[in-house]
Each structure stands twice: as C-alpha cells, then as structure tokens.
Amino acid sequence: MSAPITQDVLTLPRKLPEGGLTNIVGLTRDQLQAALIAAGTPARQARMRVGQVWQWVYHWGVRDFAQMTNLAKDYRALLARHFEIALPEVVTRQVSADGTRKYLLRIAGGHEVETVYIPEEGRGTLCVSSQVGCTLTCSFCHTGTQKLVRNLTPGEIVGQLMVARDDLGEWPQPGAPKDETRLVSNLVLMGMGEPLYNFEGVRDAMKVVMDGEGLSLSRRRITLSTSGVVPEIARTAEEIGCLLAVSFHATTDDVRDRLVPINRRWNIKTLLDALRDYPRLSNSERITFEYVMLDGVNDSDADARRLVQLIRGIPAKINLIPFNEWPGAPYQRSSRERIEAFADIIYKAGYASPIRTPRGEDIMAACGQLKSATERGRKSKAEIAADSRLQTH
Ligand code: SAH
Ligand code: SF4
C-alpha cells in the first residue's frame, strides 16, 4: 500500500520506575490494600483508601498524587514517598491511512511491545499484547519468529489501555456531562504472545480493567485469543469470565500440526472437547473460531465442510482472517473469491462467518504482523523444532 503514514517519535518525559517506588498500575485491589497498609495507612482506613486512589488512577486518569484532592495533604505526601503511577513509555506512534494506530512501547528491561487501536463505526478495539515475543511457533505468524523474552506484568498490560486512552484523550473531564461513547470500547488479547501462557498476569490485569469503579470494561467486551492451551481454557471462564477466541486454522491434525504446533500436544479433538465444556457457553456468548486463510493450504471447500462438522454443537462464530503477509512469510493470502466461497459454505451451515478486514497493514499493525524490531533474538531452526515438540509452559 502506498498510503500516507504519519509517525511521530514522541518526546514525552521518560517515566522509568524509580528505585523503591511501587507502581500502583496493575495491582489488584487486595494487593493495593496490602501495599497501602505496608506504607503506613491505618488498616481500618485501607479499604476506603483503595477505593479513592483507584478512582483517581483508573477513572480520572490522574498521574500525580498532588491532584488527589479528596485526600489529606499529608496522606498525598505519604503516597508520593512510596508509590508511583507509571505507564510503559511510548517510543513511536504510527497512524495508518485507515485510522488504525500502532504504539511501540518500551517496558522495564528495555523490551518493546506493540499495541494496536482499531477504530470502527460505533466502537473501537484495542489489541493488547500479553508477552514480549511468544514461546510458540505458529508458522504463519510474525511474532512466532521472535523468542519469548518475558511475560508482561499486569501493570504493563493495563498500562497499554491507559496509554491508548492518554493518546486518544479519553479520560473524563471533572464536571463535564457523562459521555457514554467510548473510544476504547472493546479489548482483545490478540497482540504479541500467548495469553494463556501468562495466565496470572492476564487475569490480574483483566480484573483491574473490568472493575466497575475504574476502567470499567465489561467482561463481554473483552476477548482472549488462544492458540489452544487446553488446560487453561476452563480457568479462563472461571477466573476471568471474558469471551474466548481460538486460533483454529485447520481441519485435520496433519495440517494443524504444521500451522499451530501446539496441536501436537493438544490435538483438535482434545481442544474441541475442552471448548464444548467451556462454562457460560450460550448463543449470546459464542466462541470465536479464528481461521487464517492460506492459499492452497487450508482453504478448500472440503476444509469448510469439515470445519462445520467438527464444531457442530458448539455455539460458535467463525472469523475468517485473510493472511497478512510479513517479510519472509512462507504463505500467501487466499484469493477473495476463495475466501468468499469458504465463508458461504460455513454461513449456509448456520454459522456467522465474517471476513476480518485487515486493518493497519501499511504500518504492519494487522493480525500476526507484530514483532518488536529491537528484539533481534530470532529462533533458530532447532529451537523452533524443540518448541513445537515440548510445549510444557
Ligand atoms: N497467541 C494468541 C493471540 C495472538 S494472535 C493466538 O494465537 O491466538 C491473534 C490472531 O492472529 C490469532 O488467531 C493468530 O492465529 C492470527 N494470526 C497470526 N499471524 C497471522 C497472519 N500473518 N495473518 C493473519 N492472522 C494471523
Ligand atoms: Fe504465538 Fe499466537 Fe503467533 Fe502462535 S499465532 S506464534 S500463539 S502469537
């Protein structure tokens, strides 16, 4: 695409964690309460203080304790001595011709992750990363060529949403009429990494994001996408309660083994059994089956027919994702006609089969294109083979 790209290298003041200060962002209520008590808050006041600080940080987007005007001056000073409100640093922000925004964020240790904001008619979706790199090696995914560097902390996951709200100017203004339209109305855990290999980090972050007194995104506006980490699937419903998407991508174990190597550990049947048991499954809370359309690999009519047979009985919708190319990718995108013929078979079998419009391709922000340039560590062939043989954790 030859669309115009704007790229501002932001020169915001660096906000690196300072020695000894505890970052409030990403602490659960219980953790914040314990930290406030440890810093000298009387135990009987701690719950109330959590509520007050929480509102300032997550509802109003305040970063400076001095602005927390319903707290006594001494108490604000105590907070400032022990805590900070720190977000990942924005290194670059790119805006696509279609309005998609991609943020490159720097986190502790100098690592970088990407977050993508996708504006749509009447809603806006933030695609959040859960790890730097990924341990898995799906052969069509750019992130999969990058080594896992580390899991993101809850603060770094919540911080991605707060950075986007900063950039979009979305914090409420005190005294202004309540505005119900939200620019970031939905969140998808579909950025870099496998969220279910960072289960606790993602769960705690989502608790903060869903909390009604703070960022307040409903669990039904959050979708977690997994490549199929079967043992963590039931926990996702029980401990997070968000919607689930599964990177399905193939209708035989043979092909899925090659595309999504985790299939060698938990194959299609094992995965589908886990999905059938997914708590809360209903027609209003369907599982999304993601299916990347790869020319000549998984896109035949026979594949479409097998797909609907396999998922029979599971309340589902099938999201067809035209393959997004990246440098060196070993696949090509199926033709539009092929994707439409595939979608038609699924639709006639009674399933919604939307074709995902690639967004932000001109800035490499589309699904599967994310990869942080600074993480030069590329998996060797041997590592890729080993990764796909034994995926324990
Ligand atoms: N690790 C998780 C979530 C991140 S990937 C997972 O695999 O589900 C988000 C979605 O983008 C997944 O469905 C993934 O399979 C898909 N994807 C990865 N690379 C892609 C590419 N090059 N083109 C289109 N979709 C891709
Ligand atoms: Fe990891 Fe998901 Fe990419 Fe597979 S598709 S390599 S699980 S980020």
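Just so we're clear, the structure is a prediction, and the values are computed from it rather than from any experiment. (Residues numbered from 1 in each chain as written. Chains lettered and ligands numbered in written order. Predicted model: local features only at pLDDT ≥ 70, side-chain atom pairs only at ≥ 80, totals over all residues. Heavy atoms only, no water.)

Draft legend 1. A look at the site of ligand 1. The environment of ligand 1 is made up of 21 residues, and the closest members are Phe140, Gly193, Ser225, Ser247 and His249. Here an oxygen atom of ligand 1 and a side-chain polar atom of Ser225 are 2.6 Å apart. Protein burial of ligand 1: of its 530 Å² of free accessible surface, 95% is covered by the chains. For the shell around ligand 1, the secondary-structure elements that each account for two or more residues are β11 (222-226), β13 (287-293) and β14 (316-322). Of the residues belonging to the shell around ligand 1, the class tally is 10 nonpolar, nine polar and two charged. (Near = heavy atom within 4 Å. Polar contact = N/O pair within 3.5 Å; in protein donor to acceptor, adjacent residues only side chain to side chain. Areas by Shrake-Rupley, 256 points an atom, 1.4 Å probe, with all protein chains shown as cover. Helix = DSSP H or I, 4+ residues; strand = E, 2+ residues; numbered from the N terminus. Nonpolar A, V, L, I, M, F, W, Y, C, P; charged D, E, K, R; others polar.)

Draft legend 2. Structural view of the pattern of salt bridges. Taken as a whole, this structure holds 26 salt bridges when the rule is applied. Between Arg106 and Glu112 there is a salt bridge, with its nearest N and O atoms 3.4 Å apart. Judged by its relative accessible area of 4%, Glu112 falls in the buried class. A salt bridge links Arg203 to Glu239; the shortest N-O distance between them is 2.7 Å. Taken together, the residues Arg203 in helix α5 (residues 199-210) and Glu239 in helix α6 (residues 233-240) connect sequence positions 36 residues apart. Under the relative-accessibility criterion, Arg203 is labelled buried at 16%. Exposure remark for Glu239: the relative accessible area of 29% places this residue in the partly exposed category. The structure contains a network of salt bridges with shared partners spanning Glu200, Arg203, Asp204, Glu232, Arg235 and Glu239. (Salt bridge = Lys/Arg side-chain N within 4 Å of Asp/Glu carboxyl O. Buried < 20%, exposed > 50% of the residue type's maximum accessible area, 1.4 Å probe, protein only.)

Draft legend 3. Layout of the site of ligand 2. Near ligand 2, the surroundings consist of Cys134, Leu136, Cys138, Cys141, Gly144, Gly193 and Ser227. Of the residues assigned to the shell around ligand 2, the class counts are four nonpolar, three polar and no charged.

Draft legend 4. Expanded view of unusual backbone geometry. Of note in this structure, Ser216 is not a glycine but carries a positive phi near 60°. By the secondary structure assignment, Ser216 is in the loop between α5 and β11. Unusually for a residue other than glycine, His249 sits at a positive phi of about 65°. Note on placement: His249 falls in the loop between β12 (243-247) and α7 (253-259). Overall, His249 belongs to the buried group, its relative accessible area being 4%.

Draft legend 5. Representation of the UniProt feature "binding site: S-adenosyl-L-methionine" (unreviewed entry) in the chain. Cross-referencing UniProt, the feature "binding site: S-adenosyl-L-methionine" (unreviewed entry) maps to Gly193, Glu194, Ser225, Ser247, Phe248, His249 and Asn324 in the present numbering. The buried category is assigned to Ser247, whose relative accessible area is 13%. Beyond its immediate sequence surroundings of up to four residues, Ser247 is in contact with Ser225, Thr226, Ser227, Arg256, Val260 and Glu290. With respect to the element layout, Phe248 can be found in the loop between β12 and α7. For Phe248, a relative accessible area of 0% corresponds to the buried category. Discounting chain neighbours no more than four positions away, the residues touching Phe248 are Arg256, Val260, Ile268, Leu271, Leu272, Phe289, Glu290, Leu307 and Leu310. (UniProt positions renumbered as here; feature names shortened; annotations may be inferred. Contact = heavy atoms within 4.5 Å.)

Draft legend 6. Up close: the environment of Phe289. Within the fold, Phe289 resides in strand β13. Given the relative accessible area of 1%, Phe289 is considered buried. Beyond its immediate chain neighbours, meaning those up to four positions away, Phe289 contacts Val246, Phe248, Leu272, Leu275, Ile311, Ile314, Ala316, Lys317, Ile318 and Asn319.

Draft legend 7. Structural view of the packing of aromatic side chains. As enumerated under the stated definition, the model contains four aromatic pairs in all. Summarising the aromatic geometry, the rings of Trp54 and Tyr58 are spaced 4.9 Å apart at their centres and angled 65° between planes, so their arrangement reads as edge-to-face. Placement of both Trp54 and Tyr58 in helix α2 (residues 43-59) is noted, with a separation of four residues, approximately one turn of the helix. On the accessibility criterion, Trp54 (1% relative accessible area) is buried. Here the aromatic rings of Tyr291 and Phe342 are separated by 5.1 Å at their centres, their planes lie at 35°, and the arrangement is tilted. Of the two residues, Tyr291 sits in strand β13 while Phe342 sits in helix α10 (residues 336-348), which places them 51 residues apart along the sequence. Positioned above the aromatic ring of Tyr75, the side-chain terminus of Arg49 is 4.9 Å from the ring centre. The ring of Phe199 carries the charged tip of Arg235 above its face, separated from the ring centre by 4.0 Å. (Phe/Tyr/Trp six-rings, centres within 6.5 Å; stacked < 30°, edge-to-face > 60°. Lys NZ or Arg CZ within 6 Å of the ring centre and 35° of its normal.)

Draft legend 8. Structural detail: the nonpolar core. If you look at the biggest cluster of nonpolar residues, it comprises 105 residues, and the most contacted ones within it are Leu79, Phe140, Met206, Leu275 and Phe289. Per element, the largest residue contribution to this core is seven residues, and it comes from helix α4 (residues 154-168). For this core, the two domains that each supply at least three residues are domain 1 (26-84) and domain 2 (89-171 + 182-391). Once you skip the residues sitting within four places of it in the chain, Met206 turns out to touch Ile157, Leu187, Leu189, Ile222 and Ile240. Val116, Val188, Met192 and Ile363 belong to the second-largest nonpolar core, a separate cluster that totals eight residues. (Core = buried A, V, L, I, M, F, W, Y, C linked by side-chain atoms within 4.5 Å. Domains from an automatic or database assignment.)

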